[in-house]
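Structural overview
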Amino acid sequence: MSAFAAVDLGASSGRVIVGRVVDGVDGPRAALHEVNRFPNGPVRVPAVVGGASGSSTAGAQTGGPGATTGEATLFWDVLHLYRGVLDGLRAATREVGTLAGVGIDSWAVDHGLLDADGRLLGNPVHYRDARTDGIPDKAFATVPAAELYARTGLQVQPFNTVFQLVAAQGTAALAAARQALLVPDLLGAWLTGVPVAEVTNASTTGLLDATNRTWALDVADRLGIDTRLLPPLRDPGVLLGHVRDDVRADVGHHAPLPVWTVGSHDTASAVVAVPATRPDFAYVSCGTWSLVGLELDAPVLTEASRAANFTNEAGVDGTVRYLKNVMGLWVLQETLRVWNEAGLPADLPDLLAAASQVPALTTVVDIDAPAFLPPGDMPARLAAAAARTGQTPPQTQAEVVRCILDSLALAYRRAVRQAVSLSGRDVQVVHVVGGGVRNELLCRLTADATGLPVVAGPVEGAALGNVLVQARAAGVLSGSLADLRTVGARGLDLRRYEPGGPGMPGAAQWSAAEARAFV
Ligand code: LFR
């Protein structure tokens, strides 16, 4: 038995999970056990320029005599996350004695800047911060969007690292920066002292060549991005380094402790854990975001693919994650937060039960509209989207929840169909992995909307994929991605949903709803 610690950081919580690879009757399987969970979320902090001579930043407001307060920025509290990682490693060590490795994955694109002494210059800015508003168009004036897509294969999201770095131009922090490390790489560097850019996450920066998986240095250069910021690339599934002695002593681990690179982009790890038994599958990695797409051997860099804003992100073993970002459970999470703050009932199981009683497809919106990206009053934004498309805004809380779930399923339907037509690949089953697996209504709607069977599970997809890739790197497992999936699937409690379930609207109604939502 070997045990690995998978660090999996999501937008609303971080987890450290012990994954044991154990022998089962039909071969090895992975058993996961969470040892630490800690909250994560954005923190809004203003820039404060002190002294009478302090100059203000753009859009600054005067904060009083001798002080100027700039616009507030949304940050991640990365030291809190690092402490959660250390606490988790301590708990994992207490539980298993000796770990065979550590692997780290998190959301994509965000990064910490390090100065010439290797110190963190500030908290990583949250991808939902407004600093990138309008920046993609500014960048496209230098490198046209079509050229950028042909090269990097990346969807246009305002938060892509490339746009964040352009947005930061002219700031004191960027001027002092000597390295930019993506969040999992930053934490990995703190554990080991080794700074790298793991390829699956590097592919979300907008600065990685999608075809040969090296930095597109010329593109960075033309955009005025200092190419020295970009660390050496590493594939997933290799040794990053060993945990530094002082850190190891701190967490009480006596033996040398290797840190393995994994699919450090959480979606890449989640796709590894898809328990597919056949090649013609689509996946929905459903958490704060829903990532909907296919696994391919080569990127699709066509103009039609760009127009549909499909992304070609790097997967484990040279695969391509050809997918679309659907806004995901974020809209529901924010809705619950807003209700909670307003003192309204916000118990999810109750609301889901009530939503299941609302007639299907009463109101549907384009849930991927940019209006839903920043934090804020989602019910009001849903009402505005409904009014704009000539539909009745959802009135009750149950109707709001139903509108979100119907709209998500509608977006999944569109994304799966587009992925099939843009890639020329066939799809016979949809795998749902991640937290959304627990949302039975959403899974039923997904099967009905896509017209395909849905296999739901595992919930902890990213952590499972993280453990499987570590275990292979450590020599505990071997074989192809398909072999890892077989190991991962053993012992999972998977649930299957067929299209046309009771109370489901059926194909004709989904088509009609699509015409209403996307006008
Ligand atoms: C999901 C995810 C998505 C990425 C988004 C922002 O957690 O990693 O794949 O587009 O977060 O980083």
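Given the structure is predicted, the values throughout are model-derived calculations rather than measurements. (Residues numbered from 1 in each chain as written. Predicted model: local features only at pLDDT ≥ 70, side-chain atom pairs only at ≥ 80, totals over all residues.)

1. Remarks on the overall build of the protein
Looking only at helices and strands, one finds 19 helices and 22 strands in the protein. Taken against the 2.2 N^0.38 rule, which gives 24 Å for 519 residues, the C-alpha radius of gyration of the protein at 23 Å falls within 12% of a compact globule. Each of the three principal axes of the protein carries a C-alpha extent, and together these read 65 × 60 × 50 Å. The burial tally for the protein puts 51% of its 519 residues in the buried class. Taking as baseline every contact in the protein between residues at least 6 positions apart, the subset at least 24 positions apart corresponds to 75%. (Helix = DSSP H or I, 4+ residues; strand = E, 2+ residues; numbered from the N terminus. Rg over C-alpha atoms; globule rule 2.2 N^0.38 Å. Buried ≥ 20, exposed ≤ 12 C-beta atoms within 10 Å, placed from the backbone. Contact = placed C-beta atoms within 7 Å.)

2. Overview of the domain arrangement of the protein
Here the protein is partitioned into domain 1 (2-42 + 74-260) and domain 2 (274-457 + 494-519). Each of domain 1 and domain 2 has a C-alpha centre, and the two are 26 Å apart. On the side of domain 2, 19 residues touch domain 1, which itself brings 23 residues to the contact. Broken down by secondary-structure element, the contributors of at least two residues to the side of domain 1 that touches domain 2 are helix H3 (145-152) and helix H7 (199-202). Class assignment of the residues belonging to the side of domain 1 that touches domain 2 gives a composition of eleven nonpolar, ten polar and two charged. (Domains from an automatic or database assignment. Nonpolar A, V, L, I, M, F, W, Y, C, P; charged D, E, K, R; others polar.)

3. Some points on the UniProt feature "domain: Carbohydrate kinase FGGY C-terminal" (unreviewed entry) in the protein
What UniProt calls "domain: Carbohydrate kinase FGGY C-terminal" (unreviewed entry) maps, in this numbering, to residues 282-474. Helix makes up 45% of residues 282-474 and strand makes up 16%, while its end C-alpha atoms are separated by 29 Å. (UniProt positions renumbered as here; feature names shortened; annotations may be inferred.)

4. Considering the site of the ligand
Within the structure, the ligand sits among Trp107, Ala108, Val109, Tyr127, His265, Asp266, Thr267, Gly287, Thr288, Trp289, Leu291 and Asn325. For the shell around the ligand, the per-class residue count stands at six nonpolar, five polar and one charged. The residues that make up the shell around the ligand include at least three from each of domain 1 (2-42 + 74-260) and domain 2 (274-457 + 494-519). (Near = placed C-beta within 6 Å.)

5. Quick look at helix H6 (residues 183-192)
The element H6 is extensively covered by neighbouring structure, given that ten of its ten residues are classed as buried. Looking at H6, one finds that the buried residues are Val183, Pro184, Asp185, Leu186, Leu187, Gly188, Ala189, Trp190, Leu191 and Thr192.

6. Points about helix H16 (residues 440-450)
Counting buried residues in H16 gives nine out of eleven residues, a clear majority hidden from the surface. Those residues of H16 that fall on the buried side of the exposure criterion are Leu442, Cys443, Arg444, Leu445, Thr446, Ala447, Asp448, Ala449 and Thr450. Gly451 lies just past H16 and shows a positive phi near 70°.

7. Focus: the UniProt feature "domain: Carbohydrate kinase FGGY N-terminal" (unreviewed entry) in the protein
When the UniProt feature table is mapped onto this chain numbering, "domain: Carbohydrate kinase FGGY N-terminal" (unreviewed entry) sits at residues 98-272. A helix fraction of 34% and a strand fraction of 14% characterise residues 98-272, whose end C-alpha atoms lie 25 Å from each other.

8. Thoughts on the nonpolar core
By size, the foremost hydrophobic cluster in this structure holds 155 residues, and its most contacted members are Ala5, Val102, Tyr412 and Leu468. With near-sequence residues (within four places) excluded, Val102 lies in contact with Ala5, Val7, Leu89, Leu191, Val243, Leu257 and Val259. (Core = buried A, V, L, I, M, F, W, Y, C linked by C-beta atoms within 7 Å.)

9. Some remarks on the sheet that holds strand S21 (residues 454-456)
A sheet is described by the order of its strands in space; here seven strands give the open sequence S18-S19-S17-S16-S20-S21-S22, paired in mixed fashion. Pairing within the sheet leaves two strands with one partner each, and these edge strands are strand S18 (311-314) and strand S22 (495-497). The average angle at which neighbouring strand axes cross in this sheet is 30°, direction not considered. (Pairing = 2+ DSSP bridges. Axes fitted to C-alpha atoms, helices over the stretch in contact; angles between N-to-C directions.)

10. Observations concerning the packing of helix H13 (residues 348-355) against helix H15 (residues 397-423)
At a minimum axis separation of 8 Å, H13 and H15 run at an interaxial angle of 80°. When the axes of H13 and H15 are compared, the pair comes out roughly perpendicular. Contacts between H13 and H15 involve Leu351, Leu352, Ala354 and Ala355 from the first element and Gln397, Ala398, Val401, Arg402 and Leu405 from the second. The residue inventory of the contact of H13 with H15, partitioned by class, reads seven nonpolar, one polar and one charged. (Parallel < 35°, antiparallel > 145°, perpendicular 65-115°, else oblique.)

11. Concerning the confidence of the model for the protein
Per-residue confidence for the protein gives a mean pLDDT of 96; residues scoring 70 or more make up 97%. Every residue in residues 54-66 is under pLDDT 50, and counting partners more than four places away or in other chains gives 21 contacts. Two summary scores accompany this predicted model of the complex, namely pTM at 0.96 and ipTM at 0.98. (pLDDT = per-residue confidence, 0-100.)

12. Here's the deal with the environment of Ala150
By the element assignment, Ala150 lies in helix H3. With 59 residues separating them in the primary sequence, Ala150 and Asp209 have C-alpha atoms 9.0 Å apart.

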